[in-house]
Amino acid sequence: MLKVNLGGCSPFVKDADYKKYVEKALAAFDVLESETGAGNDFLGWKHLPTNTPESLITDCEAIRDAWKAKGVNLVIVIGIGGSYLGAKCAVEALSHSFARQLASAKDSMEVVFAGQNLSEEYISELMDLAKERNIAAVVISKSGTTTEPAVAFRQIKNYMEEKYGKAEAAERIVAVTDARKGALKSLSTQEGYKTFVIEDNVGGRFSVLTPVGILPIVLAGFDIRMMLKGAAEMEETSARRSADNPAVQYAAMRNLLYDQGKKIEILVSYNPKLQYLGEWWKQLYGESEGKDGKGIFPASVNFTTDLHSMGQYIQDGERILMETVVSVESSNRSMTIVNDPQNLDGLNFLSGKQFEHCNAMAELGTRLAHMDGGVPQLQVSVERINEYNLGALFYFFEKACGISAYILGVNPFNQPGVEAYKKNMFALLGKPGYEAQAEELKKRLK
Ligand code: PA5
């Protein structure tokens, strides 16, 4: 099971201060559990692991099987932010690193993503791939009005209707959106797409365990039941009102460190498969806490790769950093470093050792070095990378995020700041209704 270790923070904090922050965290926990805090109409995520009906999973599996029967070998999942990052994180963490290049994977259904940017290269290169494959699409948007996925979907829908005909394209498109409102909902009803609902009480960045994540994860061939099991066990563990609750511990320590001047938290992993855990986590914490002029800035790095780029700053730059290391205790593979009788590279001291052992020593050495450099070390450990532990990590970070934001005194479940760029973009693109704002912007750009 997931464990939190705060030993790497002891040189930086006094026990008495940590105890005070645990009290704050328990008070915030009470607000979250009693559902009396700001944004309390967005707490549906809390019981998703234990409340997900089996019928939702079998519906997703039925789509996977129907598409496989048609020979579909590429599913394009279209979405952005909370409608993208959880599924992307799971697919990256659980897939073979070279799945695309492996001959044995040629017949499987590959999941790729679109609508998470507005790059012309990206969408047109994706269409190159679509032309070579037998495709289906999942379009995900809670609001049903987000520009990036909407415009990507328009393009892909148009291509699919030309390639397969309108009726067959409709069989190959599934929408995940609001039950009633939004352009995607009305379009799906009109076109007769199979649709999954994102409940009103679950915000985008807390939606990975809804159809937003469940459908793509099932389509990619992973065991969603195990993921929900891991999340359900964490739901139970993190519901305990206790100083030993890992979500309380993590929330308490990061807020204490923040108040002591550690304004940036870096999520660290030592496995490239977890790169998108960092991306998902950044959105969760950045959008939940960064408001009202407050909030820890969330960053992420992948070691040992980034020790050769960001390592210098972390060791030696401005002392405003704390690190949260996501440690994986065991590898899913086993490979030892070979012996070389010539030993020209001088590496025979490593012969017979597992790569994973070297990685673990790099992690340990780095944690100690960064502590010496003034960077407190929080550690979240799981036994190995699999569906169960990923589910536990998702739920753990969500619960700790709710507690943490309430300690900070902000509403974890809104995101007023993301509207500003959208208004400017609409004005600059000439969207009807934004004429006055367009004039204002033009004056500023002169
Ligand atoms: O967390 C959030 O609410 C956002 O990041 C959204 O997920 C993101 O903006 C996408 O929104 P939508 O699902 O409405 O297209």
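What counts as what
- Residues numbered from 1 in each chain as written.
- Predicted model: local features only at pLDDT ≥ 70, side-chain atom pairs only at ≥ 80, totals over all residues.
- Heavy atoms only, no water.
- Helix = DSSP H or I, 4+ residues; strand = E, 2+ residues; numbered from the N terminus.
- Rg over C-alpha atoms; globule rule 2.2 N^0.38 Å.
- Buried < 20%, exposed > 50% of the residue type's maximum accessible area, 1.4 Å probe, protein only.
- Contact = heavy atoms within 4.5 Å.
- Areas by Shrake-Rupley, 256 points an atom, 1.4 Å probe, with all protein chains shown as cover.
- Lys, Arg positive; Asp, Glu negative; His and termini not counted.
- Charge placed at Lys NZ, Arg CZ, Asp CG, Glu CD.
- Pairing = 2+ DSSP bridges.
- Axes fitted to C-alpha atoms, helices over the stretch in contact; angles between N-to-C directions.
- Salt bridge = Lys/Arg side-chain N within 4 Å of Asp/Glu carboxyl O.
- Near = heavy atom within 4 Å.
- Polar contact = N/O pair within 3.5 Å; in protein donor to acceptor, adjacent residues only side chain to side chain.
- Nonpolar A, V, L, I, M, F, W, Y, C, P; charged D, E, K, R; others polar.
- 1 Å grid on protein atoms, 1.4 Å probe; cavity = no way out; pocket = protein on both sides within 12 Å on 5 of 7 lines; lining within 4 Å.
- Points joined across faces, edges and corners; volume = space filled by probe spheres on them.
- Core = buried A, V, L, I, M, F, W, Y, C linked by side-chain atoms within 4.5 Å.
- Domains from an automatic or database assignment.
- Buried area = accessible area lost by both parts, 1.4 Å probe.

A. Inspection of the overall build of the chain at higher detail. A count of helices and strands for the chain gives 17 helices and ten strands. Here the C-alpha atoms of the chain give a radius of gyration of 23 Å, agreeing with the 22 Å that 2.2 N^0.38 yields for 446 residues. Based on the C-alpha atoms only, the size of the chain along its principal axes is roughly 65 × 60 × 55 Å. In the chain, which comprises 446 residues, the share counted as buried stands at 51%. At a minimum sequence separation of 6, the contacts of the chain that also span at least 24 residues come to 80%. Only carbon and sulfur atoms are counted for the fraction: they give 53% of the accessible area of the chain, which is about 20600 Å². Across the chain, the 49 positively charged side chains and the 56 negatively charged ones have centroids separated by 3 Å.

B. Main features of the sheet that holds strand β6 (residues 194-197). Overall, parallel pairing links the five strands, which are arranged β3-β2-β4-β5-β6 in an open sheet. Two strands lie at the open edges of the sheet, namely β3 (110-114) and β6, each paired on one side alone. Adjacent strand axes in the sheet meet at a mean angle of 20°, parallel and antiparallel pairs treated alike. With five bridges connecting them, strand β4 (residues 135-141) and strand β5 (residues 173-177) associate as parallel partners. Its bridge partner lying in β5, Val-138 is registered against Val-174. Strands β4, β5 and β6 of the sheet are contacted by helix α8 (residues 183-191), whose axis makes an angle of about 145° with β5.

C. Main features of the pattern of salt bridges. Taken as a whole and assessed by the stated rule, the structure comprises 29 salt bridges. Its salt-bridge partner being Arg-133, residue Glu-110 comes within 2.9 Å of it at the nearest N-O pair. Of this pair, Glu-110 sits in strand β3 while Arg-133 sits in the loop between α5 (120-132) and β4, and the two are 23 residues apart along the sequence. A salt bridge links Arg-254 to Glu-289; the nearest nitrogen and oxygen atoms lie 2.9 Å apart. Of this pair, Arg-254 sits in helix α11 (residues 246-259) while Glu-289 sits in helix α12 (residues 275-289), and the two are 35 residues apart along the sequence. Judged by its relative accessible area of 1%, Glu-289 is buried. Sharing partners across several salt bridges, the network here consists of Glu-33, Glu-35, Lys-46 and Lys-399.

D. Main features of the site of the ligand. Around the ligand sit 13 residues in total, of which Ser-83, Ser-141, Ser-143, Thr-146 and Gln-283 are the nearest. Contacts to the ligand include Glu-287, whose side-chain N or O atom sits 3.0 Å from an oxygen atom. Taking 390 Å² as the accessible area of the ligand by itself, protein coverage stands at 87%. A per-class count over the shell around the ligand returns one nonpolar, nine polar and three charged.

E. How the structure looks around empty space enclosed by the protein. Enumeration according to the criterion identifies three cavities of 30 Å³ or more in this entry. Roughly 50 Å³ of internal volume is contained in the largest cavity. If you trace the largest cavity, you find it lined by Leu-267, Val-268, Ser-269, Leu-274, Gln-275, Leu-277, Gly-278, Ser-300, Val-301, Asn-302 and Val-326. When contributions to the lining of the largest cavity are tallied by element, the ones reaching two or more residues are β7 (264-269), α12 and β8 (297-302). Residue composition of the lining of the largest cavity, by class: six nonpolar, five polar and no charged.

F. Quick look at the nonpolar core. The biggest cluster of nonpolar side chains holds 100 residues, and the ones touching the most others in it are Trp-67, Trp-280, Phe-397 and Ile-403. Broken down by element, the residue count for this core peaks at 14 residues, all from helix α15 (residues 387-408). When we break this core down by domain, the ones giving at least three residues each are domain 1 (3-37 + 228-411) and domain 2 (45-222). In terms of nonpolar packing, the next biggest core, distinct from the first, is built from 23 residues, Leu-126, Ala-152, Phe-153 and Ile-173 among them.

G. Broad picture of the domain arrangement of the chain. Taken as a whole, the chain is organised into domain 1 (3-37 + 228-411) and domain 2 (45-222). Computed from C-alpha atoms alone, the centre-to-centre distance between domain 1 and domain 2 is 30 Å. Listed by partner, the interface residues are 28 residues for domain 1 and 28 residues for domain 2. Looking at the side of domain 1 facing domain 2, the largest losses of area belong to Leu-228, Lys-273 and Tyr-276, adding up to 27% of the total buried there. At the junction of domain 1 with domain 2, the criterion picks out three salt bridges. Secondary-structure elements contributing two or more residues to the side of domain 1 that touches domain 2 are α1 (15-34), α10 (224-237), α12 and α15.

H. Looking closely at the environment of Glu-148. You can see Glu-148 is positioned in helix α6 (residues 147-164). By relative accessible area, Glu-148 is classed as buried at 8%. Beyond its immediate sequence surroundings of up to four residues, Glu-148 is in contact with Ile-80, Gly-115, Asn-117, Leu-118 and Tyr-421.

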